[in-house]
There are 2 protein chains.
Amino acid sequence: MTLQSADEGFARTLAGLLPEGTIGPAEPRYLEEPRGRAVTPGALLARPRSVDEVAAIVRASAAARVGIVPWGGGTGLVLGQVVPDGPAPLILSLERMAAPRGIWPEERLMAVEAGMVLADVQAAAEGAGLLFPLSLASEGTARIGGNLATNAGGTAVLRYGNARALCLGVEAVLADGSVFHGLKRLRKDNTGYDLTDLLIGSEGTLGILTAATLRLYPRPAALATAMLAVPGPEAALSLLALAEAATGGAVSTFELIHRQGLLFLDEVMPEVRQPFAERPEWSVLVEIGLAPGQDPQAVLGAIYEAADDRGLVGDAVLAASEGQRQDLWNLRERIPDANRKIGAICSHDISLPLGEIADFVPRAGEAVAAFGPFRINCFGHLGDGNLHYNIFPPKGEKRDAYLPQAEGITRAIHDLVHDHGGSVSAEHGIGRLKVGDLERYGDPAKLAAMRAIKAALDPAGILNPGAVLRA
Amino acid sequence: MTLQSADEGFARTLAGLLPEGTIGPAEPRYLEEPRGRAVTPGALLARPRSVDEVAAIVRASAAARVGIVPWGGGTGLVLGQVVPDGPAPLILSLERMAAPRGIWPEERLMAVEAGMVLADVQAAAEGAGLLFPLSLASEGTARIGGNLATNAGGTAVLRYGNARALCLGVEAVLADGSVFHGLKRLRKDNTGYDLTDLLIGSEGTLGILTAATLRLYPRPAALATAMLAVPGPEAALSLLALAEAATGGAVSTFELIHRQGLLFLDEVMPEVRQPFAERPEWSVLVEIGLAPGQDPQAVLGAIYEAADDRGLVGDAVLAASEGQRQDLWNLRERIPDANRKIGAICSHDISLPLGEIADFVPRAGEAVAAFGPFRINCFGHLGDGNLHYNIFPPKGEKRDAYLPQAEGITRAIHDLVHDHGGSVSAEHGIGRLKVGDLERYGDPAKLAAMRAIKAALDPAGILNPGAVLRA
């Protein structure tokens, strides 16, 4: 079934169904994605204000066979929000559905519309004395509906889980325009298939999320934060196990940093303060959320001593103030900026079983070396097994000359990840960028089931066509 | 498409495909369910030893259009494991697939076959110095595949989540005999739809779980356990919020107990030790898993004082030894036994938004009173919003005379639950017992999506036919 373009006739049809100002041409910012890798040549834009308006739009699109791209903050990194070819789609932005629907502090829950910016969700939780733990670099722009549609990860997954784990229920418009009223405030509900978790992470291809009920958590009484040099990834993982045992599972962040990232900072962002005069080959940023009565310095000190006894750590900086803590986080958060300034040939959002990482890292290094004397920045959310494994040109050289090798390098790295039981998309999703990777590495029975589910729930293929599964 | 009986010809076909002793008639224990409410009149039994054998059985059943009932420990309470009418099914027991597949203590993961008894899974985790937190009354008989197929709950959901939250991936045989190899050791993996969470909780109607990767947790350094009298459910929930804040979210158990349960113990189990001479109308059993260095008595004492200041507690017993802790747990765990001795007219596994419970309880009491002077035992996992709301005859009378009223009472209670945004199956599932409830109270868009998914993944309807959705 071929889709039709969202042409002028369709625009008039939609405009006739909806309040003035809901339908119009999409400005350029709706047509681009953050890394400039692809654009939607042109599109119609809908900015509905209610779930009923979303349903009306979907019904009209289904009748006209027009593809719909659900649009959050536009921060996705795998081209889930752009349609480079095919009939012009309708971009359906949730930006005008950005209000909280309710907050229940004693239930530690809030319900929000899908267009609420993640940072605003965090702030609303904080206003009630609670924590919404989802945290990622684009939180000032990304919207919660997009975070859920892509099952976003970030820096607190280790303790609190991915976006899916933070959501108790959703409201969504399905491909026929029906509304799934699943905005429940229930922690136990075994009445049928888990449609909520199916919609979460489906990247807008099975339904359009319009609202969600989110779990909130007690704010830690104090944060204990440290940066520790470690002999390597294996020692880092032993340190993590030790810290988890010592704190009863309260480690919220455990980020791996390779020397290459520190040297990139030296090279292009020398103003970033670094704790270690000699840049260690491997280090970790650890943060632990403490219960009332626990002393951050005492907890970190005890972990350090136990780790030191086992030879798991070298130099260490334990943040003694909020300012020192911010410095350590700043170091971690500027590494991606430094990467961008250096210019990667290719980058990889991979995950591995924790026990495979120590073996994977040197093998991947060898695989990359076979292509040339590239610089590798391997960093990321080690506690989740999620590494960002990015390849850069030799020092002093530009990436452009090496771009033809990118595909081969990526294939070699992804093959190795697959051999180690890992994933070629840990937290960014499939979008349109990794459809081929999913076909190559995905479990065949799972792929067949996915295609059957897509055909069953969206038989005309109007929801985010070409994302996740080939149209 | 009508199903066929698992007749002698089919038995011979299967026997020809599989090692001797795999196929035979089902003994009575495979045909009954624990409350004696229904039986399967007769069935063929398959006891495969490997996923390949399961796949061969499913392929043969699909070809012959014979219904398959996946069978774990047989402890389900909603008739998911019995087929009272229709063509005789094949019962596929996973009991011979009961081995661990691997344990990775530093990853805090283990992989197990679906037929492993829950208590054995717990013991294997403990052997590695870790905790598998799923815990429920039937853990000595129930098998992990059944726990996952029904998304089991239990007494530690508050901190650790339902069975679904404890599983990172599954291996499963789908309705066409293909094998979904999803036994991953990854905490982040965004490669396509969440087939794992869809299979979990689908009660064997979308696939047969053959193995699972399970999350393990650090064992708490100490347990702080107390029983506290409270003015009512609303105060209990404020006490829970206070305890969560004071411990950084470390409350694992928060069970509500009504005086009726204590009086039932007095009536039929006077040997059970009770902490309060005067039976309080409402009380709670609280357990908190502490991190190393935290003192149970100090933590409980601080919570008690803060709660006392706000008028949230009355009498209290803080367990000062493991023996005292066991006494408190014994009290809670014998209440269902006492219920059985008294004999319920009807019972309800319901959940409610926490903030609705204080309003629901008196309204439900009034609704029941309209039917007669019944005794109500309302108890359960208050921290999860999950109440077991059971109705008993007046003292000295037998249930039998009142059974004709059961349907009306259940309808009244379920209607009220639904009005309060609750669920009519919190942790037991739908099985065949609550198919009508799901049709009555389920979201229509969700039901339509469920039917479409079932038809897409099991077009011949061979997997647990008649469970969850009408065949």
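Residues numbered from 1 in each chain as written. Chains lettered and ligands numbered in written order. Predicted model: local features only at pLDDT ≥ 70, side-chain atom pairs only at ≥ 80, totals over all residues. Heavy atoms only, no water.

## A look at the overall build of chain A
- Summing up its helical and strand segments, chain A has 14 helices and 18 strands in all.
- By the compact-globule yardstick of 23 Å for 471 residues, chain A fits well, its C-alpha radius of gyration being 23 Å.
- Oriented by its inertia axes, the alpha-carbon framework of chain A measures out at about 70 × 55 × 45 Å.
- Put simply, chain A has 471 residues, and 61% of those count as buried.
- The contacts in chain A between residues at least 6 apart in sequence include a share of 74% that link residues at least 24 apart.
- For chain A, the exposed surface amounts to about 17,000 Å²; the carbon and sulfur share of it is 50%.
- Across chain A, the 42 positively charged side chains and the 55 negatively charged ones have centroids separated by 4 Å. (Helix = DSSP H or I, 4+ residues; strand = E, 2+ residues; numbered from the N terminus. Rg over C-alpha atoms; globule rule 2.2 N^0.38 Å. Buried < 20%, exposed > 50% of the residue type's maximum accessible area, 1.4 Å probe, protein only. Contact = heavy atoms within 4.5 Å. Areas by Shrake-Rupley, 256 points an atom, 1.4 Å probe, with all protein chains shown as cover. Lys, Arg positive; Asp, Glu negative; His and termini not counted. Charge placed at Lys NZ, Arg CZ, Asp CG, Glu CD.)

## Comments concerning the interface of chain A and chain B
- Between chain A and chain B, the contact holds 81 residues from the first and 81 residues from the second.
- When chain A packs against chain B, close to 6,200 Å² is buried across both sides, 57% of that on carbon and sulfur atoms.
- Linking chain A with chain B are ten salt bridges, by the criterion used here.
- A salt bridge links E427 of chain B to K188 of chain A, with the nearest nitrogen and oxygen atoms 2.8 Å apart.
- At the surface where chain A touches chain B, the tally comes to 44 residue pairs in polar contact (both at pLDDT 80 or more). (Buried area = accessible area lost by both parts, 1.4 Å probe. Salt bridge = Lys/Arg side-chain N within 4 Å of Asp/Glu carboxyl O. Polar contact = N/O pair within 3.5 Å; in protein donor to acceptor, adjacent residues only side chain to side chain.)

## Observations concerning the pairing of strand β18 (residues 386–392) of chain A
Residues and elements named next belong to chain A.
- Where burial is concerned, most of β18 is hidden: seven out of the seven residues are buried.
- Going residue by residue along β18, you find N386, H388, N390 and F392 tucked away on one face and L387, Y389 and I391 tucked away on the opposite face as well.
- Here strand β16 (residues 349–351) pairs with β18 via three bridges, running antiparallel. By the bridge assignment for β18, I350 is matched with L387.
- Relative to β18, strand β17 (residues 375–381) runs antiparallel, the two being bridged by seven bridges. By the bridge assignment, C378 is partnered in β18 with Y389.
- Linkage of β17 to β18, two consecutive antiparallel strands, is achieved through a turn of four residues, within which G385 is found at a positive phi near 75°. (Pairing = 2+ DSSP bridges.)

## Let's talk about unusual backbone geometry
- With phi around 65°, L79 of chain A is a residue other than glycine that occupies positive phi space.
- Residue L79 of chain A is classed as buried on the basis of its relative accessible area, which comes to 9%.

## Observations concerning the domain arrangement of chain A
Residues and elements named next belong to chain A.
- Per the domain assignment, the segments of chain A are domain 1 (8–95), domain 2 (100–218), domain 3 (220–337) and domain 4 (343–427).
- Listed by partner, the interface residues are 18 residues for domain 3 and 16 residues for domain 4.
- A combined buried area of about 1,400 Å² lies between domain 3 and domain 4, and 68% of that area is made up of carbon and sulfur atoms.
- Per-residue buried area on domain 3 facing domain 4 is highest for L237, L256 and F264; these three make up 34% of the total on that side.
- Applying the counting rule to domain 3 against domain 4 returns one salt bridge.
- The partner of E267 in a salt bridge is R375, with the nearest N and O atoms 3.2 Å apart.
- Where domain 3 packs against domain 4, one counts six residue pairs in polar contact (both at pLDDT 80 or more).
- Every element with two or more residues in the side of domain 3 that touches domain 4 is listed here: α7 (233–247), β13 (251–258), α8 (259–268) and α10 (322–342). (Domains from an automatic or database assignment.)

## Description of the relation of the copies chain A and chain B
- With an axial shift of 0.0 Å and an RMSD of 0.1 Å, the rotation relating chain A to chain B amounts to 180°. On this basis, the relationship between the two copies can be described by a two-fold rotation axis.
- A high fraction, 100%, of the interface residues of chain A reappear at the interface in chain B, so the copies pair face to face through one surface. (Least-squares fit on C-alpha atoms with pLDDT ≥ 70 in both.)

## Digging into the nonpolar core
- Within the largest apolar cluster, 92 residues are counted, with the highest numbers of intra-cluster contacts made by F132, I144 and L214 of chain A together with F132, I144 and L214 of chain B.
- When near neighbours in sequence (up to four residues on either side) are disregarded, F132 of chain B contacts L118, V121, Q122, A125, I144, L166, L214, R215 and L216 of chain B. (Core = buried A, V, L, I, M, F, W, Y, C linked by side-chain atoms within 4.5 Å.)

## Topic: the sheet that holds strand β3 (residues 68–71) of chain B
All names here are of chain B.
- Read across the sheet, four strands follow the order β1-β2-β4-β3 without closing on themselves; strand pairing throughout is mixed. Because the sheet does not close on itself, it has two edges, and the strands there are β1 (23–25) and β3. The mean angle between the axes of side-by-side strands here comes to 30°, regardless of whether they run parallel or antiparallel.
- When β3 meets strand β4 (residues 90–93), the two strands line up parallel, connected through four bridges. When the bridges of β4 are listed, I68 appears paired with L90. (Axes fitted to C-alpha atoms, helices over the stretch in contact; angles between N-to-C directions.)

## A few points about the sheet that holds strand β5 (residues 100–104) of chain A
Residues and elements named next belong to chain A.
- With antiparallel pairing, the five strands of this open sheet are ordered in space as β5-β6-β10-β8-β9. In this open sheet, the two strands that pair with only one neighbour each are β5 and β9 (179–181). Between one strand and the next, the sheet's axes are offset by a mean angle of 15°, whatever the strand orientation.
- The pairing of β5 with strand β6 (residues 109–113) spans four bridges and is antiparallel. Each bridged residue has a counterpart across the sheet, and for G102 the counterpart in β6 is A111.
- Sheet contacts for helix α2 (residues 51–64): β8 (167–174), β9 and β10 (207–215); angle to β8, the most-contacted strand, approximately 45°.

## Focus on the pattern of salt bridges
Residues and elements named next belong to chain B.
- Going through the model one piece at a time under the given rule, you end up with 46 salt bridges over all chains.
- A salt bridge links E126 to R219; the nearest nitrogen and oxygen atoms lie 3.8 Å apart. One end of the pair, E126, is in helix α3 (residues 118–127); the other, R219, is in the loop between β11 (217–218) and β12 (222–230), with 93 residues separating them in the sequence.
- On the basis of relative accessible area, E126 is assigned to the partly exposed category, the value being 47%.

## Describing the packing of aromatic side chains
Residue and element names in this part refer to chain A.
- For the structure on display, the rule yields ten aromatic pairs over all chains.
- Taking the centre distance of 5.8 Å and the plane angle of 70° together, the rings of F360 and Y389 count as edge-to-face. A residue pair is termed long-range when its members are at least 10 positions apart, and F360 in helix α11 (residues 357–369) and Y389 in strand β18 qualify at 29 residues. When sorted by exposure, F360 lands in the same class as Y389, which is buried.
- Ring plane angle 85° and centroid distance 5.1 Å describe the contact between F374 and Y402, whose orientation is recorded as edge-to-face. With F374 in the loop between α11 and β17 and Y402 in the loop between β18 and α12 (406–419), this pair connects stretches of sequence that are 28 residues apart. (Phe/Tyr/Trp six-rings, centres within 6.5 Å; stacked < 30°, edge-to-face > 60°.)

## What to know about the packing of helix α14 (residues 444–457) of chain A against helix α14 (residues 444–457) of chain B
- Contact pair α14 of chain A / α14 of chain B: the axes reach a minimum separation of 9 Å and the direction vectors enclose 135°. It follows that α14 of chain A is oblique to α14 of chain B by the angle criterion. When you trace α14 of chain A past α14 of chain B, the crossing you get is right-handed. Counted together, A449, A452, I453, A456 and L457 of chain A of α14 of chain A and A449, A452, I453, A456 and L457 of chain B of α14 of chain B form the full contact between these two elements.
- The residue makeup of the contact of α14 of chain A with α14 of chain B, split by class, is ten nonpolar, no polar and no charged. (Parallel < 35°, antiparallel > 145°, perpendicular 65-115°, else oblique. Left-handed = near helix turned anticlockwise from the far one by under 90°. Nonpolar A, V, L, I, M, F, W, Y, C, P; charged D, E, K, R; others polar.)

## Section: helix α1 (residues 8–17) of chain A
Residue and element names in this part refer to chain A.
- Every buried residue belonging to α1 is among F10, A11 and L14, and all of these are buried. Here the buried residues of α1 occupy an arc of 100° about the axis, which is enough to place them on one side. Turned more than 90 degrees away from the buried face of α1 sit E8, R12 and G16, all of them exposed.
- Residues of α1 that are buried in the fold lie against β1 (23–25), β2 (44–46), α2 and β4 (90–93).
- For α1, the N-terminal capping position is held by D7, with its side-chain oxygen 3.3 Å away from the main-chain nitrogen of G9. (Arc of directions from axis to C-beta.)

## A few points about the UniProt feature "domain: FAD-binding PCMH-type" (unreviewed entry) in chain A
- Feature annotation in UniProt assigns "domain: FAD-binding PCMH-type" (unreviewed entry) to the following positions: residues 37–219 of chain A.
- Overall, residues 37–219 of chain A shows 21% helix and 25% strand. The separation of its end C-alpha atoms is 39 Å. (UniProt positions renumbered as here; feature names shortened; annotations may be inferred.)

## Re helix α9 (residues 296–309) of chain A
Residues and elements named next belong to chain A.
- Helix length check: α9 (14 residues) gives 20 Å between terminal C-alpha atoms against 20 Å at 1.5 Å per residue, within 8%.
- The set of residues buried in α9 consists of V299, L300, G301, I303 and A307.
- Where the residues of α9 are buried, they touch β12 (222–230), α7, β14 (282–290) and β15 (316–318).
- Within two residues after α9, G311 carries a phi angle of roughly 70°, on the positive side. (Expected span 1.5 Å × (residues − 1).)

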